[in-house]
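Architecture at a glance
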Amino acid sequence: MSNRIKNMERKILSDKYFTLSQVKFDYRLKIGEWVENTWEVLERGNAAAALLYNPKKRTVILVRQFRLPAYMNGVETGFLLEVPAGMLETDDSSAEEAMKRELLEETGYKIQKLTKIYNAFATPGGSTERFSCFIGEYIDDMKIEKGEGLDSENEDIEIIEMLFQDAIELMNSGGIIDAKTIMLLQYAQINKLI
C-alpha cells in the first residue's frame, strides 16, 4: 500500500450488477500535508477486449450494440461500434480464456491464438475496471457459430466485418467513439498489422 494513503473506510452504496462504494481516506499531498477525501468508486471487476483482423482481406470484425449509458449521454440511437469485449467471470482461468469465450458468444469465431498487447484502466478516476486487450488473426473458416450474443443476457449484437481502412476513417470522423476500440485500431495502425 501507498504511504500516502491511510485510514481508508469503504461503505457499499449499491451491490447489484456492479458494486458502488463510498470510500473515505486520508491522503498525503506532495507537500506533506494530510487531507481528507471521499470518493465514490464503481467496482466493476476486470474485462477483456480483442481486435480480430484478417491481413489478407484487410478487414476487422467489430460489433454494434446498444449501450444505455451512451444513449443517456447524447448518442442518439445508443448504438456503438466496438471491438468484442466482456467481463471476466469467476470461473475464467485467464483473461485470454474469457476473451475467447466472449469472441465465440459475440462473433461466432473460435480463435485459437490471441496476443495480449496491454492492460488499460477504462476510467481510473471512478472505476476499478481494467481491460486486458488482445489482437488475433481470423479467417472465415473460424466462424463456427452464429454469434450475436447470449439470449439469456438479452444481448442484441450485430456483427460487422469491414475494411480496416473504413474502420480507421470511421474512428477519425467520430463514427467510432469507444475508447478500447480506438486504442486497438490505433495499435493495429501504428504496428501495420493490416
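Our structure's up above, just so we're on the same page.
Definitions and cut-offs
- Sequence positions are assigned chain by chain, starting from 1 and proceeding in written order.
- Given that the model is predicted, a residue must reach a pLDDT of at least 70 before its local features are reported, and side-chain atom pairs must reach 80 or more before they are shown or counted; all residues, however, enter totals for whole chains, interfaces and linings.
- Where side-chain values are given, they derive from all heavy atoms of the structure, hydrogens and water being excluded.
- We call a set of buried residues a nonpolar core when its members are Ala, Val, Leu, Ile, Met, Phe, Trp, Tyr or Cys and they connect through side-chain atoms within 4.5 Å of each other.
- Throughout this description, buried means an accessible area under 20% of the type-specific maximum (1.4 Å probe, protein chains only), exposed means over 50%, and partly exposed covers the range between.
- Only runs of H or I of at least four residues qualify as helices and only runs of E of at least two qualify as strands under DSSP, and these elements are numbered from the N terminus.
- In this charge count, Lys and Arg are treated as positive and Asp and Glu as negative; neither His nor the chain ends contribute.
- Salt bridge, as applied in this entry: a Lys or Arg side-chain nitrogen positioned within 4 Å of an Asp or Glu carboxyl oxygen.
- Under the rule applied, a polar contact is a pair of N or O atoms within 3.5 Å (in protein, one hydrogen donor and one hydrogen acceptor; residues adjacent in sequence only if both atoms are side-chain atoms).
- Any two residues whose heavy atoms approach within 4.5 Å at even a single point are treated as in contact.
- Pairing of aromatic side chains here covers Phe, Tyr and the six-membered ring of Trp, requires ring centres within 6.5 Å, and sorts the geometry by plane angle: under 30 degrees stacked, over 60 edge-to-face, intermediate tilted.
- What a helix is expected to span follows from its residue count: subtract one and scale by 1.5 Å.
- Within this analysis, the arc is defined by the directions that extend from the helix axis to the C-beta atoms.

What follows concerns the nonpolar core. Among the nonpolar cores identified, the biggest contains 28 residues, and L51, V60, L62, L184 and L185 are the most heavily contacted of them. Membership of the second largest hydrophobic core comes to 12 residues, among which are I61, A95, M99 and L114.

Quick look at unusual backbone geometry now. Positive phi outside glycine occurs at N7, with the angle close to 55°. Examined against the element boundaries, N7 turns out to sit in strand β1 (residues 5–15). Exposure remark for N7: the relative accessible area of 51% places this residue in the exposed category. One non-glycine residue, K192, lies in positive phi territory at about 50°. Within the element layout of this structure, K192 appears in the segment after α4 (179–190). For K192, a relative accessible area of 66% puts it in the exposed group.

Here E106 shows up in helix α2 (residues 95–107). With no salt bridge to any partner, buried E106 finds its closest opposite charge in R67, at an N-O distance of 5.8 Å. Within the structure, the side chain of E106 is placed 3.5 Å from the backbone nitrogen of A85, a separation counted as a polar contact. Residue contacts for E106: discarding those within four places in its chain leaves V63, Q65, P84, A85, G147, E148, G149, E155, I157 and I159.

Looking now at the packing of aromatic side chains. Tallied over the full model, the rule gives five aromatic pairs. Here the aromatic rings of F66 and F79 are separated by 5.8 Å at their centres, their planes lie at 65°, and the arrangement is edge-to-face. Here F79 lies in strand β6 (residues 79–82) and F66 lies in strand β5 (residues 59–66), a separation of 13 residues in the sequence. Residue F66 is classed as partly exposed on the basis of its relative accessible area of 39%. Relative to Y138, the ring of Y109 lies with its centre 5.2 Å away and its plane at 70°, an arrangement referred to as edge-to-face. With Y109 in the loop between α2 and β8 (115–121) and Y138 in the loop between β9 (130–137) and β10 (158–163), the pair connects residues that are 29 residues apart, well separated along the chain.

A few words now on α4. In this model α4 runs 16 Å from its N-terminal to its C-terminal C-alpha over 12 residues, within 8% of the 16 Å that 1.5 Å per residue would give. Considered for burial, the residues of α4 that qualify are K180, T181, L184, L185 and A188. One face of α4 carries all of its buried residues, which in axial projection span an arc of 130°. Looking one or two residues beyond α4, the residue adopting positive phi is K192, at roughly 50°.

Just distances and angles here, no functional claims.
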